Amino acid sequence: ELALKSLGSEGRFLFASLDTNNDLYLSPEEFKPIAEKLTGVAPISELEEEETPDAGGETLSLVAKFQPLVMETMTKSKDGFLGISHVALSGLRNWTAPAVPMSVMFARQFKAFLPPKNKLDLGDPWWIIPSELNIFTGYLSNNRFYPPPPKGKEMIIHRLLSMFHPRPFVKSRFAPQGAVACIQAISTFYYTIAFRIHAEFQLNEPPDFPFWFSPGQFTGHIILSKDSSHVREFKLFVPNNRSLNVDMEWLYGASESSSMEVDIGYLPQMELESTGPSTPSVIHDENGNVIDSRDPSGEPIQFVFEEITWQQEIPWEEAAQKLEVAMYPFKKVSYLPFTQAFERAKAEKKLVHSILLWGALDDQSTAKHCLPLPLPGSGRTLRETVLESSPVLALRNQSFVSSWSLVKELEELQSNRENEFYSKLAALHLEKYNFPVEMIICLPNGTVVHHINANHFLDITSMKPEDVESNVFSFSTNFEDPSTATYLQFLKEGLQRAKPYLQ
């Protein structure tokens, strides 16, 4: 009560959000995000300037493969893009092939993917490009056309993405941005490095207004010698295993406050792959003399590479999950596919905590502006606040099986009559759905016992405690932020309502 009187409800919320260990004291590390926001001064990142590659070093050939966005998957295609000018979508419609179909790079340029000395354990993630944004710093400007000059380790990522389009933004406008990696396998001389990158492209140029194209993520792996002199294999791609994987936003004016359109769609293919291992650009004989790269018959000399024996390794799925948690702490609790969640809940006698939304919850194709500008999207706000809150994670892990689903995928599941039970589960969810995000608590048989819309939830938690109707949710009397307290109340009420069904 004293804290509320001294700080006010807004100040209390801000303090509690920063006080991550709940000791009622802000350490310098806890205060750092808001200090950077208030001063506009961020710590100098430890970016290394790109070394000039040895002209005699090995080179790696890369090919870009690209299939353009399927326009029919965009929501606005259903009404024939009514009211949307052809000019606004011109950059998207004209992007039909990679900007650079093939490129040759020096192997040592991939040194940026090597682990730091304190990250040599399998699956222990590190940041190649750190994310500089969070819930307090907000997001970067939408009203931009040209990327800032890349520095240090950003340079190789920028060059790779430039093979797709000439205007890649290595640092996305929204958190989590940057690139994270971990070791997937170790041999005497090599690492397999798994990586995940959040970046986006600007498809328009003046005099048109900005059009942002944000793939859900770029992921992939590189097999690289420990001294970075040789690359055995490289692959980077946008996952296409879900029905929607790209977020798009375009402005209708030349200022940050201009109205914005948002849509989401499906990109069949965007990938880079090495054509083979890196090879010497200059060949020497045993005496150090330069020799011809072709044999006497004129054919290129064929290189033979030793087979790599891996001494330690983890599955790709495990490495990808480690990277996902590094980007999204809310994924410390597993989110199962929709139908698997109900099977697990039945086996473990738990409830299902389900999130139904328009765009993905765990990548950058989530709807970023489900709420009026300049607030971030409700899905994004949830995952950066309550869903990664320690008390919420603990309760969900103890009493719930979690899942998230795209509305489009449940609509398809509902219409598929091959499995009537799954069709019914989808129908029960869709009955409760309201745009843009619905949080749902249900029994293993699909019966919904509690639900709340994300926008309504965020409205409640932004209100002063005295203004909230007592029959909606109650704020905790403990010193914790209203969002966490209210979401805990939502989960506990779901458990209470489910008791008669579970007995």
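Please refer to the structure placed before this passage.
Attention in this report is confined to the structure presented alongside it. Remember, it's a predicted structure, so these values are computed and weren't measured experimentally.

### Quick word on the sheet that holds strand β4 (residues 168–169)
- Taking strand neighbours across the sheet as the criterion, the five strands line up as β4-β7-β8-β11-β12 in an open arrangement whose pairing is antiparallel. The two strands at the open ends of the sheet, each matched to only one other strand, are β4 and β12 (260–265).
- Pairing of strand β7 (residues 200–202) with strand β8 (residues 211–215), which is carried by two bridges, proceeds in the antiparallel orientation. Among the inter-strand pairings, Phe 201 is bridged to a residue of β8, identified as Phe 213.

### Regarding the layout of surface pockets
- Space inside the second largest pocket adds up to approximately 1,000 Å³.
- The wall of the second largest pocket is formed by 35 residues, among which Asn 241, Arg 242, Glu 324, Lys 331 and Asp 362 lie closest to the centre.
- For the lining of the second largest pocket, the secondary structure elements donating two or more residues are α5 (316–327), α6 (338–348), β19 (400–406) and α9 (407–415).
- For the lining of the second largest pocket, the element with the most residues is α5, which contributes six residues.
- Residue composition of the lining of the second largest pocket, by class: 16 nonpolar, 10 polar and nine charged.
- The two domains that each donate at least three residues to the lining of the second largest pocket are domain 2 (58–323) and domain 3 (329–501).

### A look at the side chain of Ser 274
- Tracing the sequence through the fold places Ser 274 in strand β13 (residues 269–274).
- In contact with Ser 274, other than residues within four places in its own chain, are Leu 60, Ser 61, Leu 62, Glu 233 and Phe 234.

### Remarks on the sheet that holds β19
- The sheet built from four strands is open, its strands ordered β19-β18-β20-β21 with mixed pairing. A strand with exactly one partner marks an edge of an open sheet, and here the two such strands are β19 and β21 (448–453). When strand polarity is set aside, the average angle formed by the axes of neighbouring strands in this sheet is 20 degrees.
- In this structure, strand β20 (residues 437–442) lies alongside β21, joined through five bridges in antiparallel fashion. Counterpart to Cys 442 in the pairing with β21 is Val 448.

### Quick word on the pattern of salt bridges
- Enumeration over the complete set of coordinates arrives at 16 salt bridges.
- Close ionic contact of Glu 200 with Arg 173 constitutes a salt bridge, the shortest N to O distance being 2.9 Å. Within this pair, whereas Glu 200 is found in strand β7, its partner Arg 173 is found in the loop between β4 and β5 (178–186), the two being separated by 27 residues in sequence.
- Among the residues examined, Glu 200 registers a relative accessible area of 1% and is labelled buried.
- Residue classification places Arg 173 among the buried positions, given a relative accessible area of 0%.
- Overlapping salt bridges, with partners in common, bring together Glu 132, Glu 154 and Lys 171 in one network.

What counts, and where the lines are drawn
Residues numbered from 1 in each chain as written. Predicted model: local features only at pLDDT ≥ 70, side-chain atom pairs only at ≥ 80, totals over all residues. Heavy atoms only, no water. Pairing = 2+ DSSP bridges. Helix = DSSP H or I, 4+ residues; strand = E, 2+ residues; numbered from the N terminus. 1 Å grid on protein atoms, 1.4 Å probe; cavity = no way out; pocket = protein on both sides within 12 Å on 5 of 7 lines; lining within 4 Å. Points joined across faces, edges and corners; volume = space filled by probe spheres on them. Nonpolar A, V, L, I, M, F, W, Y, C, P; charged D, E, K, R; others polar. Domains from an automatic or database assignment. Contact = heavy atoms within 4.5 Å. Axes fitted to C-alpha atoms, helices over the stretch in contact; angles between N-to-C directions. Salt bridge = Lys/Arg side-chain N within 4 Å of Asp/Glu carboxyl O. Buried < 20%, exposed > 50% of the residue type's maximum accessible area, 1.4 Å probe, protein only.

Just distances and angles here, no functional claims.
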